[in-house]
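Summary of structural features
This is what each chain is made of:
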Amino acid sequence: LLADRARALLEGMAALAEDGHFDPASFQGCLQIAANPLQRDLLLPRLLARLRREAPQATLRVTPSDVPTADMLRDAQCQLAISPRLPDAGDIVHRRLFEDRYAVFFDPACRDAPADLAQWSQAEHVTVTHGPQRPLAVDSWLAAHGYARRVAVEVTDFSGVRAFVQGTSRLATLPSLLRVGALAGLAHADLPFATDPMPIYALWHQRHQADPMHRWLRAALEAVAAEAMPA
């Protein structure tokens, strides 16, 4: 299904280039995309590979999306942002690229997956805090549902998690797609409780909605998102 979606998007890209009079092969500009590490590492190397084939003179500039603001897109700090968080602004357009869920990561040489909420709660945890007053969405969800956990360490990005989990009995509750990125090699399992899914969106300013180049870029990003989803 994902492969069919990717093929359909590629055909759409070709049609846009023809009907909208945009020729990717002759484009020489810089494409600026804001993304945080999970989305950056999962999608943008694939996007760059596609650019090398379809728009070989284009360059790609990647900046952090943090919590994207409407002004980031209004002021052309980037042409697209990728994030699970949507600005509350009527002039920002979004489209869902894919959906993820939280999983629990652990070192299988040191422990098994927690069998229930009690085991999960009693374990030491590693978590990620992107900045002051900016916990992960799962932490906000846990607090709202009355769950607590024993946090042993907070780090500022996903790349810092592995060193505090590997060789220990600690757990990390993080987006499951990190299993093909920063946390590859650790074991992962479903959480012993239900959480809301985490949709990931592409965001852009409405002034780009009908622009042929921007439509082509959005279609390219959707295509690589479909290709990047693990089976």
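Residues numbered from 1 in each chain as written. Predicted model: local features only at pLDDT ≥ 70, side-chain atom pairs only at ≥ 80, totals over all residues. Heavy atoms only, no water.

1. A few points about the side chain of Ser176
The criterion, for reference: Secondary structure elements follow DSSP: runs of H or I no shorter than four residues count as helices, runs of E no shorter than two count as strands, and numbering proceeds from the N terminus. For this analysis, residues touch if any pair of their heavy atoms sits within 4.5 Å.
Relative to the assigned elements, Ser176 resides in the loop between β8 (171–175) and β9 (187–190). Once residues within four sequence positions are removed from consideration, Ser176 is found in contact with Asp100, Arg101, Tyr102, Ala103 and Phe105.

2. Side note on helix α2 (residues 37–54)
Quick reminder of the rule: Given the number of residues in a helix, its expected span is that number minus one, multiplied by 1.5 Å. The quantity called bend is, for any residue, the angle between two axes fitted respectively to the seven residues ending at it and the seven beginning at it.
Taking 1.5 Å per residue, 18 residues should reach 26 Å; α2 reaches 25 Å between its end C-alpha atoms and fits that length. Most pronounced at Leu43, the bend in α2 amounts to some 35°, and the proline Pro45 follows within four residues.

3. A short note on the environment of Ala55
The test is simple: Each residue gets one of three labels from its accessible area relative to the maximum for its type: buried under 20%, exposed over 50%, partly exposed in between, using a 1.4 Å probe on protein chains only.
Looking at where Ala55 falls in the secondary structure, it is placed in the loop between α2 and β2 (59–63). Using a relative accessible area of 0% as the deciding quantity, one classes Ala55 as buried. Measuring from C-alpha to C-alpha, the distance between Ala55 and Gln28 comes to 8.0 Å, with 27 residues separating the pair along the chain. Aside from chain neighbours lying at most four places away, what touches Ala55 is Pro24, Arg50 and Trp216.

4. Quick look at unusual backbone geometry
Phi at Asp66 takes a positive value of approximately 45°, unusual for a residue other than glycine. Residue placement: Asp66 occurs in the loop between β2 and α3 (70–74). If you check the backbone angles, Ala76 has positive phi at about 60° while not being a glycine. By the element assignment, Ala76 lies in the loop between α3 and β3 (80–83). Taking the relative accessible area as the measure of exposure, Ala76 reaches 45% and is therefore partly exposed.

5. A look at the sheet that holds strand β1 (residues 30–35)
Counted only if it meets this: Here, any two strands with at least 2 DSSP bridges between them count as paired. Between the N-to-C directions of two axes lies an angle of 0 to 180 degrees, each axis being a line fitted to C-alpha atoms and, for a helix, fitted only over the stretch in contact.
Overall, mixed pairing links the five strands, which are arranged β2-β1-β3-β10-β4 in an open sheet. Strands with a single pairing partner mark the edges of an open sheet, and in this sheet they are β2 and β4 (92–100). The sheet shows a mean angle of 20° between the axes of neighbouring strands, direction not considered. In the sheet, β1 pairs with β2 via five bridges, with the strands oriented parallel. Following the sheet pairing, Leu31 is matched in β2 by Leu60.

6. Here's the deal with the pairing of β3
The alternating pattern of β3 places Leu80 and Ile82 and Ala81 and Ser83 on opposite faces, both of which are buried. As defined by bridge partners, β1 adjoins β3 across three bridges and the pair is classed as parallel. Looking at the pairing, Ala34 lines up with Ala81 of β3.

7. Description of the nonpolar core
We apply this condition: As used here, the term nonpolar core means buried Ala, Val, Leu, Ile, Met, Phe, Trp, Tyr and Cys residues forming a set that is joined through side-chain atoms within 4.5 Å.
Core analysis: the biggest nonpolar cluster contains 58 residues, and Leu43, Ile82, Phe98, Val161, Leu174 and Leu221 have the highest contact counts within it. No other element matches the eight residues that helix α7 (residues 212–228) contributes to this core. Residues within four places of Phe98 in sequence aside, it is in contact with Leu42, Leu43, Leu177, Met198, Pro199, Ile200, Ala225 and Met229. Of all hydrophobic cores here, the second largest spans ten residues; its members include Ala70, Met72, Cys78 and Ile92.

8. Focus: the packing of α2 against α7
Think of two packed helices as two axes; the pair is described by the angle between the axes and how far apart they sit. How we decide: Angle categories: roughly parallel below 35 degrees, roughly antiparallel above 145, roughly perpendicular from 65 to 115, and oblique for all the rest. Here a crossing is taken to be left-handed if its near helix is turned anticlockwise relative to the far helix by less than a right angle, and right-handed if that turn runs clockwise. The classification used treats Ala, Val, Leu, Ile, Met, Phe, Trp, Tyr, Cys and Pro as nonpolar, Asp, Glu, Lys and Arg as charged, and all other residues, Gly among them, as polar.
At a minimum axis distance of 9 Å, the contact between α2 and α7 shows a crossing angle of 125°. Taken together, α2 and α7 sit at an angle that is classed as oblique. Of the two elements, α2 crosses α7, and the hand of that crossing is right-handed. Of the residues in α7, those in contact with Leu42, Leu43, Leu44, Arg46, Leu47, Arg50, Leu51 and Glu54 of α2 are Trp216, Leu217, Ala220, Leu221, Ala223, Val224, Ala225, Glu227 and Ala228. The residue inventory of the contact of α2 with α7, partitioned by class, reads 13 nonpolar, no polar and four charged.

Any functional reading would require information that these geometric values do not contain.
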